Amino acid sequence: MLKNYHCSSSGLLLDESDAHEVSPSLVHRLDRQRIFDLLEFAEKSGVKLTSETIPQMSLATVLDAYDNEFQLSWLLSAPVNVIHRGHHRIACPAPEEPERYLALVCAEALLHAGSSRIRGRVKALLQGTDVSHVE
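**Q** What exactly am I supposed to notice about the sheet that holds strand E4 (residues 80-84) here?
**A** Within a beta sheet, neighbouring strands are joined by backbone hydrogen bonds and run either parallel or antiparallel to one another. If you walk across this open sheet you meet the 3 strands as E3-E4-E5, and the pairing is antiparallel. Each having just a single partner strand, strand E3 (48-50) and strand E5 (87-91) make up the two edges of the open sheet. Here the strands of the sheet are splayed against their neighbours by 30° on average, with no regard to which way each runs. In this sheet, E5 lies alongside E4 in antiparallel orientation, the contact comprising 5 bridges.

Spelled out as C-alpha cells, the structure:
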C-alpha cells in the first residue's frame, strides 16, 4: 500500500512504498549524483529519448550536459519522449531540476521492464542502497 506524504523541502507529494513495491517517485529524494547514476543506467538499459525540438536528443546528450545547468535546462525545456522496449512515456519540462523529472519517467519505464535484473538495479538506485553487487 502506498502512503502519500508531503515533502516540505521540495513541496512535492511523495509515495512511501511498502516492502514489496518501490515507487518511481522516490527519485524526489535522490541526490544529484544518484540521479545521474539512474540516467546513466537507463542509457545502458536501452532507454531512448526523442524530442521534436532537438532532433539528436539522447540520454548521452543529457549526461554530457549534466554539469552545465544552462545547457541541461535548454535540452529539457520541451517534452521528451522516453522509449523503452516499445513503450512510450513523456517527460514534461519542469522549471527546476528538469533532470529529476526525466529520471522519474526513466525509472517508471525501467520498473516495468521484463528483466528482474533491471528492475532490481533501479529499485536499489531509488532506495539509495549499494548497487555494486547488482551489476
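Structure shown, so let's carry the discussion forward.
**Q** Mind showing me how you'd approach the side chain of Ser23 here?
**A** Following the sequence through the fold, Ser23 ends up in the loop between strand E2 (12-16) and helix H1 (32-44). Side chain to side chain, Ser23 and Ser25 meet in a polar contact 2.9 Å long.

**Q** How do you make sense of the environment of Thr61 when you look at a structure like this?
**A** Relative to the elements of secondary structure, Thr61 occurs in helix H2 (residues 59-64). Of the residues examined, Thr61 reaches a relative accessible area of 25% and is grouped as partly exposed. Distance from Thr61 to Leu49, taken between C-alpha atoms, is 9.8 Å for residues 12 residues apart in sequence.

**Q** Before we go on, may I ask you to explain the packing of helix H4 (residues 98-111) against helix H5 (residues 116-127) in this structure?
**A** In the contact formed by H4 and H5, the axes pass within 8 Å of each other and the chain directions differ by 145°. Note on packing geometry: the crossing formed by H4 with H5 is left-handed. Across the interface between the two elements, Ala107, Leu110 and Leu111 of H4 pack against Ile118, Arg119, Val122, Lys123 and Leu126 of H5. Across the contact of H4 with H5, the residue classes tally to 6 nonpolar, no polar and 2 charged.

**Q** Which parts of the structure should I look at to understand H1?
**A** Counting along an α-helix, one turn takes 3.6 residues, and residues three or four places apart therefore face a common direction. Spanning 13 residues, H1 covers 19 Å between terminal C-alpha atoms, matching the ideal 18 Å at 1.5 Å per step. Listing the buried residues of H1 in full gives Ile35, Phe36, Leu38, Leu39, Phe41 and Ala42. Of the residues one or two after H1, Gly46 is the one with positive phi, at around 95°.

**Q** Would you mind showing me how to read the side chain of Ser45 here?
**A** Note on placement: Ser45 falls in the loop between H1 and E3. In this structure Ser45 comes out as buried when scored by relative accessible area, which is 9%. Excluding residues that lie within four positions of it along the chain, Ser45 makes contacts with His84, Leu110 and Ile118.

**Q** I tried to follow unusual backbone geometry on my own but got confused; where do I start?
**A** Excluding glycine, most residues fall at negative phi; most peptide bonds, likewise, are trans. Backbone geometry at Arg85 places phi at a positive 50°, although glycine is not the residue there. The residue Arg85 is located in the loop between E4 and E5 in this model. You can call Arg85 exposed: its relative accessible area is 56%. Unusually for a residue other than glycine, Glu97 sits at a positive phi of about 50°. In this structure, Glu97 sits in the loop between E5 and H4.

**Q** Before we go on, may I ask you to explain the nonpolar core in this structure?
**A** It is characteristic of soluble globular proteins that their nonpolar side chains tend to be buried jointly. Of all hydrophobic cores here, the largest spans 37 residues; its most connected members are Leu38, Leu39, Leu102, Val122 and Leu126. Looking at this core, the elements with two or more residues in it are H1, H2, helix H3 (69-75), E4, H4 and H5. Residue contributions to this core peak at 7 residues, all from H4. Dropping the residues within four chain positions of it, Val122 is found in contact with Leu38, Phe41, Ala107, Leu110 and Leu111.

The rules behind the values
Residues numbered from 1 in each chain as written. Predicted model: local features only at pLDDT ≥ 70, side-chain atom pairs only at ≥ 80, totals over all residues. Heavy atoms only, no water. Pairing = 2+ DSSP bridges. Helix = DSSP H or I, 4+ residues; strand = E, 2+ residues; numbered from the N terminus. Axes fitted to C-alpha atoms, helices over the stretch in contact; angles between N-to-C directions. Polar contact = N/O pair within 3.5 Å; in protein donor to acceptor, adjacent residues only side chain to side chain. Buried < 20%, exposed > 50% of the residue type's maximum accessible area, 1.4 Å probe, protein only. Left-handed = near helix turned anticlockwise from the far one by under 90°. Contact = heavy atoms within 4.5 Å. Nonpolar A, V, L, I, M, F, W, Y, C, P; charged D, E, K, R; others polar. Expected span 1.5 Å × (residues − 1). Core = buried A, V, L, I, M, F, W, Y, C linked by side-chain atoms within 4.5 Å.

Treat this as a map of the structure, not an account of what it does.
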